[in-house]
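Listed below, chain by chain, are the residues.
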2 protein chains.
Amino acid sequence: MQLIDGKKISSDIVAELTESVAKLEGPKPCIAFIRVGEDPASVSYVRQKNRTAEKIGITPLLFEMSESITQDELFAKVDELNADKSVHGILIQSPLPSHLDEQSAFNRIDPNKDVDGFHVQNAGRVVQEDPAGFASCTPAGIIEICQREGISLEGKHVVVIGRSLIVGKTFALLAMQKGPHANATVTVCHSRTKNLPEVVRAGDVVVAAIGRANFVTADMVKEGAVVIDVGINRVEDSSKKSGYRLVGDVDFEAVKEKASRITPVPGGVGPMTVAMLMKNTFKAYDIQSAS
Amino acid sequence: MQLIDGKKISSDIVAELTESVAKLEGPKPCIAFIRVGEDPASVSYVRQKNRTAEKIGITPLLFEMSESITQDELFAKVDELNADKSVHGILIQSPLPSHLDEQSAFNRIDPNKDVDGFHVQNAGRVVQEDPAGFASCTPAGIIEICQREGISLEGKHVVVIGRSLIVGKTFALLAMQKGPHANATVTVCHSRTKNLPEVVRAGDVVVAAIGRANFVTADMVKEGAVVIDVGINRVEDSSKKSGYRLVGDVDFEAVKEKASRITPVPGGVGPMTVAMLMKNTFKAYDIQSAS
């Protein structure tokens, strides 16, 4: 078994982007973050994205809005950033407070600045295989891992566990696209699947994104399969100061004995998400500079 | 084996729509067809759609444009129909002459009038499971067949052969949605799939949409599977006056001995497409009348 080091891959991407940005003459790429309220996880995520942008030389702009803003106030901010030619990417940190409609907010963003890939039009562009579209960052990160690690998906049977919009479904669409990065046979299974272990055992590549700790056990995995673990679950652990530890959707210790390649949690897919956000921002800059 | 009579199902839908339209007070639903050039197949398809609309009481408008129109002239016609409140659905007959960009033309249609479901935004709405979206008519017709024939997809393994935008990929997305019409485990396989027969044999439901005559043979089909044949292929047949006959992607005579249910070609999925177009037009009318 060989471990896939997502941290290393994401640092490589950050280093490459840093080099590309350094070469740019004139204004630098710019990403605007909108954070509504003070949800601690959101504060921490945005801080991390902000820091990575700065490191690369992408200008981060942070707009902190009150928990109580109205949909119209949020829209007005998005409209302002859409119109601002110096802003190339816009990210609205999810989740929004429950009185705001999240999908409408994502759809308000100019699709060409939607670097998170949540706009309905970018969902459609992934289906239509339009290279100008933005795929959401976690599934795009898994494709990137496969490409950089020499894991060809061509003709392989990829089994995706979980059909979420942000991960499972979008990754399935990317993996079945035509092109050297994809061309996979793709199965999507989920909580309603009958005989799930049997279905997963058919996978040359297994992507676990179902959100349940240690869900994928060794008996579900074919000998030699590539296992990509997207899960991030907290389980109680009294030996830790925090009282918990993070585990994936895969029973790592057992599955690693059967897998040919496997991503750990943490340090696997997780770090890729921010790196891909920055890659999308650079792409948005490129497209907008050319037009 | 029980045959699935798509002709009967589509007449039922037409009859139901006729009844619903008769009950409407005030203006009737209206669908506009744009046909560019005189491609004989396009002429015939549009004529058939026109006739079905008339039969139901949906007002058909036909715009025949010259083969040599420019993209801007086509856009101007679409814009005019988008702005016309008496028009609820707009269909641009595919294929367009090669100097016109088809996807841009589809994307010019108001997504709420895009009854063919080819607008990028409707592709995205299918991914996002937005009930206000329009799914393209052939895959929506297959879901309709399953519902009306009591074929539950819930937890079943649905194997789709072919990853076209218009059929395979969109059907896969519909079948994996959450909801009583769907909840299937879905596999998409295609020309690049290794061990395709083995993959197809896992299917409780097999949807053949690969565009090759008699591609699916009996050895690929599990005993008792439901087989849906989307293919329409011409094969030479000197016994016919035309010199050819139509066959599906499934080797019907052999596969029908193993399948529990099967659609014939012709008379299976084919007739559903126009019926679903009319259903989409009625839905568009409904949405636009409510707003």
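Since we're looking at a predicted model, the values are computed, not measured.

The rules we used
Residues numbered from 1 in each chain as written. Chains lettered and ligands numbered in written order. Predicted model: local features only at pLDDT ≥ 70, side-chain atom pairs only at ≥ 80, totals over all residues. Heavy atoms only, no water. Least-squares fit on C-alpha atoms with pLDDT ≥ 70 in both. Contact = heavy atoms within 4.5 Å. Domains from an automatic or database assignment. Pairing = 2+ DSSP bridges. Helix = DSSP H or I, 4+ residues; strand = E, 2+ residues; numbered from the N terminus. Axes fitted to C-alpha atoms, helices over the stretch in contact; angles between N-to-C directions. Buried area = accessible area lost by both parts, 1.4 Å probe. Salt bridge = Lys/Arg side-chain N within 4 Å of Asp/Glu carboxyl O. Polar contact = N/O pair within 3.5 Å; in protein donor to acceptor, adjacent residues only side chain to side chain.

### Regarding the relation of the copies chain B and chain A
For step 1, the next point in the chain: Between chain B and chain A, the superposition needs a rotation of 180° and an axial shift of 0.0 Å, giving an RMSD of 0.0 Å. In short, the pair behaves as if placed about a two-fold rotation axis.
For step 2, the next point in the chain: Looking at the interface residues of chain B, 100% of them are also at the interface in chain A, so both copies use one shared face.

### What to know about the domain arrangement of chain A
For step 1, the next point in the chain: Considered domain by domain, chain A is made up of domain 1 (27-111) and domain 2 (137-270).
For step 2, the next point in the chain: Using only C-alpha atoms to locate each centre, domain 1 of chain A and domain 2 of chain A end up separated by 29 Å.

### Thoughts on the sheet that holds strand β4 (residues 89-92) of chain B
Residues and elements named next belong to chain B.
For step 1, the next point in the chain: Reading across from one edge, β3-β2-β4 is the order of the 3 strands in this open sheet, with parallel pairing throughout. The open sheet is flanked by β3 (59-65) and β4, the only strands paired with a single partner. For this sheet the average axis-to-axis angle between neighbouring strands, irrespective of direction, equals 15°.
For step 2, the next point in the chain: With 7 bridges connecting them, strand β2 (residues 30-36) and β3 associate as parallel partners. Residue pairing in the sheet places F33 in a bridge with L62 of β3.
For step 3, the next point in the chain: Sheet strands touched by helix α3 (residues 71-83): β2, β3 and β4. Its angle to β2, the strand with the most contacts, is close to 175°.

### Digging into the sheet that holds strand β4 (residues 89-92) of chain A
All names here are of chain A.
For step 1, the next point in the chain: Pairing is parallel in the open sheet, where 3 strands are placed in the order β3-β2-β4. At either margin of the open sheet sits one strand with a lone partner, and together these are β3 (59-65) and β4. Going across the sheet, the axis of each strand differs from the next one's by a mean of 15°, ignoring polarity.
For step 2, the next point in the chain: In this sheet, β4 lies alongside strand β2 (residues 30-36) in parallel orientation, the contact comprising 4 bridges. Looking at β4, one finds that I31 is bridged to G89.

### Side note on the interface of chain B and chain A
For step 1, the next point in the chain: Facing 33 residues of chain B, the contacting portion of chain A comprises 33 residues.
For step 2, the next point in the chain: With both chains or domains summed, chain B and chain A bury close to 2900 Å², and 54% of this area falls on carbon and sulfur atoms.
For step 3, the next point in the chain: Interface area lost by chain B to chain A is led by Q128, R163 and K169 of chain B, which between them contribute 21%.
For step 4, the next point in the chain: Linking chain B to chain A there are 4 salt bridges.
For step 5, the next point in the chain: A salt bridge links K169 of chain A to E129 of chain B; the nearest nitrogen and oxygen atoms lie 2.7 Å apart.
For step 6, the next point in the chain: For the pair chain B and chain A, the number of links is 23 residue pairs in polar contact (both at pLDDT 80 or more).
For step 7, the next point in the chain: Contributions of two or more residues to the side of chain B that touches chain A are made by α5 (120-128), α7 (165-175) and β6 (185-189) of chain B.
For step 8, the next point in the chain: The greatest single-element share of the side of chain B that touches chain A, amounting to 7 residues, is contributed by α5 of chain B.

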